[in-house]
Amino acid sequence: MMGPSHALSGAAVWLTGSWALDQFADYHQTPLALAVGTAVCAGGALFPDLDLSGKVTRNQGGATVARTFGVFSLFIAEVMEKISLGVYYATKLSRDPRRNNGHRTLTHTIPFTLLVGWGTTALCAAYGKWAVVSILFFMIGLALRGLFDEWAERAGWVVVTLLSAAAAWFTFANLPGDRGYPLIGTAVGVGCFVHILGDMITKAGVPILWPIPIKRRMWTMIGLPNGIALRTGSKAETIVLRAALTVLAVLAAVGLVAPSVLQRFNIEV
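Cut-offs and rules
Residues numbered from 1 in each chain as written. Predicted model: local features only at pLDDT ≥ 70, side-chain atom pairs only at ≥ 80, totals over all residues. Heavy atoms only, no water. Helix = DSSP H or I, 4+ residues; strand = E, 2+ residues; numbered from the N terminus. Rg over C-alpha atoms; globule rule 2.2 N^0.38 Å. Buried < 20%, exposed > 50% of the residue type's maximum accessible area, 1.4 Å probe, protein only. Contact = heavy atoms within 4.5 Å. Areas by Shrake-Rupley, 256 points an atom, 1.4 Å probe, with all protein chains shown as cover. Lys, Arg positive; Asp, Glu negative; His and termini not counted. Charge placed at Lys NZ, Arg CZ, Asp CG, Glu CD. Axes fitted to C-alpha atoms, helices over the stretch in contact; angles between N-to-C directions. Left-handed = near helix turned anticlockwise from the far one by under 90°. Nonpolar A, V, L, I, M, F, W, Y, C, P; charged D, E, K, R; others polar. Salt bridge = Lys/Arg side-chain N within 4 Å of Asp/Glu carboxyl O. Patch = residues over 30% accessible without salt bridge, like charges linked within 9 Å, V, L, I, M, F, W, Y side chains within 5 Å. UniProt positions renumbered as here; feature names shortened; annotations may be inferred.

**Quick word on the overall build of the protein chain**
In terms of helices and strands, the protein chain carries eight helices and two strands. Reading the secondary structure of the protein chain in the N-to-C direction produces α-α-β-β-α-α-α-α-α-α. Against the 2.2 N^0.38 benchmark of 18 Å for 269 residues, the protein chain shows a C-alpha radius of gyration of 19 Å, consistent with a compact globule. With respect to the principal axes defined by its C-alpha atoms, the protein chain has extents near 65 × 40 × 35 Å. Looking at the protein chain as a whole, 45% of its 269 residues qualify as buried. Pairs at least 24 residues apart make up 70% of the contacts formed inside the protein chain by residues separated by at least 6 positions. Just so you have it, the protein chain exposes about 13,800 Å², and 68% of that area is on carbon and sulfur atoms. One way to put it: in the protein chain the 21 positive side-chain charges average out to a point 11 Å from where the 14 negative ones average out.

This is the structure:
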């Protein structure tokens, strides 16, 4: 799927999950916590595509996530792509095909998702709010780049970077101290997993079963049959799927906000 679809799916899943927890587990979140979780999950849903690099010296190409912070994120994507390709060749079996890039390999696996989620939580627990503000800066930038793709393209990476820094600092100033913020790590991990599921409904598939060997292949691509799989960039994705995700996100957001609004005006339902 394309970057905007991934980001929207992350936001929709987080809002829907938050609504379900609110309704059935009596787990309430403050508006700030809800906004932070939604933004981080949307950004996390772009993160696995950091393995798709562009042309660093020309500030061109790459996935949506790679273009977020200009040449800096393009450089990180270049490094991640090389690492992913290296892991692919280090673990491939006899029937795995040769590759010239690492896209849809390491960063599109369950172990990577678990590692990123756990690592984010560990960083927040070990270094507190300074780790939180750094992670939020990166993830909010990805969310802005994905959810508002056309605007971000026109505004440029400098504006996106400045807005990300401002939003991260505002959150830093308003979050309570002495906490590990495990929900941030959860949001990143959930976003990465949603990304994998999104790519599974396309024709290319993802190696979601890695590192389990199947018929002398370590990197077996799992996805929907070609007859029903989405084609990346098709109208089925950009119009139908995004419309459905938008409706889901809006309904969940309304469901989360409506009770407090009604209570404020002493309206009983």
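**As for unusual backbone geometry**
Here the residue pair W210 and P211 is connected by a cis peptide bond, since its omega of 10 degrees sits within 30 degrees of zero. Relative to the assigned elements, P211 resides in the loop between α7 (182-200) and α8 (235-264). Despite not being glycine, R104 shows a phi value in the positive range, around 60 degrees. Summarising the element assignment, R104 is placed in the loop between α3 (71-91) and α4 (110-147). The backbone phi angle of K215 is positive, close to 50 degrees, even though this residue is not glycine. If you trace the backbone, K215 turns up in the loop between α7 and α8. For K215, a relative accessible area of 69% puts it in the exposed group.

**Remarks on the packing of helix α1 (residues 3-24) against helix α2 (residues 31-44)**
Where α1 contacts α2, the axes come no closer than 7 Å and their chain directions differ by 145 degrees. Handedness of the α1/α2 crossing: right-handed. Here A7, G10, A11, W14, L15 and S18 of α1 come into contact with α2, specifically with L34, G37, T38, C41 and A42. Across the contact of α1 with α2, the residue classes break down as seven nonpolar, four polar and no charged.

**Notes on the pattern of salt bridges**
Note that side chains of opposite charge can pair when their charged atoms are close. Taken as a whole, this structure holds seven salt bridges when the rule is applied. The salt bridge involving K82 is made with E81; its shortest N-O contact spans 3.1 Å. For E237, the salt bridge is made with R242, and the minimal N-O distance between the two is 4.0 Å. Each member of the pair, E237 as well as R242, carries the same accessibility label: buried. Within the structure, one salt-bridge network assembled from shared partners comprises E78, E81 and K82.

**Brief notes about a nonpolar patch on the surface**
Taken together, V71, F72, W157, V158 and L162 make up a surface patch of nonpolar side chains, about 460 Å² in accessible area. Per-element accounting of the nonpolar patch gives the leading share, three residues, to helix α6 (residues 157-174).

**Looking at the UniProt feature "transmembrane region" (unreviewed entry) in the protein chain**
If you check UniProt for "transmembrane region" (unreviewed entry), the listed places come out as residues 30-48, 69-90, 110-143, 155-172, 184-210 and 239-262 in our numbering. Strand forms 0% of residues 110-143 and helix 100%; the C-alpha atoms that close the span are 22 Å apart.

**Concerning the environment of V132**
Locating V132 in the fold gives a position in helix α4. Remark: the alpha-carbon pair of V132 and V159, spanning 27 residues in sequence, is separated by 21 Å. In this structure V132 touches C124, L175, Y181 and I184, once residues within four positions along its chain are discounted.

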